[in-house]
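# Notes for the structure review
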Amino acid sequence: MKIPTTTLLLCLALSFAQAQAIAPDFTVTTTDGVQRQLYNDYLNQGKAVVMYLFFTTCPFCNQMAPFLEPFYQEWGGGDGPVEFLMLSILTTDDNLDVDRYIGLKDFTFPGAGSDGGAREAIEPYTNGTFGPYLGTPVFIVIAPDSTVQYDVRGSSYPETIDSLDAALRSIIAKPALPFQITGEVKNPNGVSMANVRPSVRNVDTDIITTDTSGKFDFPAPLVARDNYSARFAKAEDLVTNGISTYDIVRIQRHLLGIEPFQLPYEYLAADVDRSGSVSIADIIHLRKLVLSIESSLPTFQPWLFINANYTFSNVLDPFFEAYSGDATAFPITAQGVIPPFSVIAIKVGDIDFNAK
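None of the values given here were measured: they were computed from a predicted structure.

Right, let's talk about helix α3 (residues 59-74) for a bit. Since the α-helix advances by 3.6 residues per turn, residues separated by three or four positions end up pointing in the same direction. At A65, α3 shows its maximal bend, which comes to roughly 45°, and the proline P66 appears one to four places after that position. C61, M64, A65, L68, E69, F71, Y72 and E74 are the residues of α3 that are buried. On its buried face, α3 is in contact with β3 (48-54), β4 (82-88), α4 (95-105), β6 (138-142), α6 (157-169) and β8 (176-186). Positive phi appears at G76, one or two residues downstream of α3, with a value of about 100°.

Glancing now at the sheet that holds strand β13 (residues 331-333). Pairing is antiparallel across the open sheet formed by three strands, whose spatial order is β9-β11-β13. A single partner strand is all that each edge strand has here, and the edge strands are β9 (196-200) and β13. Here the average twist between neighbouring strands, direction ignored, is 30°.

Quick look at the environment of G113 now. Looking at the element boundaries, G113 is found in the loop between β5 (111-112) and α5 (118-126). When the C-alpha positions of G113 and F305 are compared, they lie 56 Å apart, and in sequence the two are 192 residues distant. Among all residues touching G113, those that are not within four sequence positions of it are S88, D93, D94, N95, V98 and A118.

With that settled, consider the packing of aromatic side chains. Summed over all chains, the structure comprises 24 aromatic pairs. Centroid distance F67 to Y157: 6.4 Å. Interplanar angle 20°. Geometry classified as stacked. One end of the pair, F67, is in helix α3; the other, Y157, is in helix α6, with 90 residues separating them in the sequence. Taken together, a centroid distance of 5.1 Å and an interplanar angle of 75° make the contact between Y72 and F109 edge-to-face.

Thresholds applied
- Residues numbered from 1 in each chain as written.
- Predicted model: local features only at pLDDT ≥ 70, side-chain atom pairs only at ≥ 80, totals over all residues.
- Heavy atoms only, no water.
- Bend = angle between axes of the 7 residues up to and from the residue.
- Helix = DSSP H or I, 4+ residues; strand = E, 2+ residues; numbered from the N terminus.
- Buried < 20%, exposed > 50% of the residue type's maximum accessible area, 1.4 Å probe, protein only.
- Contact = heavy atoms within 4.5 Å.
- Pairing = 2+ DSSP bridges.
- Axes fitted to C-alpha atoms, helices over the stretch in contact; angles between N-to-C directions.
- Phe/Tyr/Trp six-rings, centres within 6.5 Å; stacked < 30°, edge-to-face > 60°.

As structure tokens, this is what we get:
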């Protein structure tokens, strides 16, 4: 799949120069017996087409094959704004051969062989009309306005898929797909936390909360290959939930060096005013709260959610890592199956983690 740099640059230059060339119409009969016309069935319906030039015994096509079906599904699996058509370049590949190949590779997109009209359909793309023909696999992206991006490729098979994705996105919007977001929320003591609301930033999802076992499971419409992030919020409860005189004593003993904190979560819970350190000021805030002199804490967020898979580089000074670093980041890459989230919930001021 790799080609010399000078050849690649020449191909790119020729592709750019001919990027606005108009795709000729064609009709093929695919292995399922359906007659498909480029313009009437696709372009005139506002649908883009990816032509995949291959042959059934092509070794590079076989290596490319595992990447194609997942990518096809990313774009709606034929029900979205794009259709894939795989067309064999060989006269010896008939529809029966292509059909066997499709079954062997578990493809769900249509294909055609020589007796289905594949050779006639691909001839303008192999005779130099759109640029140098370098051999299979070849991907041709045809926009609904009939303009052509010829021989879209990368320096590797995954990079070729990335290039195809970029080529399609340049002409048509990629559809969102329902990805499943799952996970579990616990406190630092390992106790499951109910009534925590998970969501995906900037994405509309159903409002759900964690169940009594702290678990959540909900669908989110995400665009494949885009990056998102999850966020967590706790339903409002009593500000004194989990906070008592004992928490004040624990901070005092820590500051006096009698019983220093051992966990980064203890430091984060004790930093009541979010100053980035534990001080006498935090004790004063908690004392006023316990004595009902004040009805709220100075922090804007009473709960803090930490990625359980995150390892603090400095457990004795975790503040920057939690407040503006990666400890509170929950990244999502919309690709395949999204791994479940493991979340630690901390109630600010609750040093012994007994908030209900």
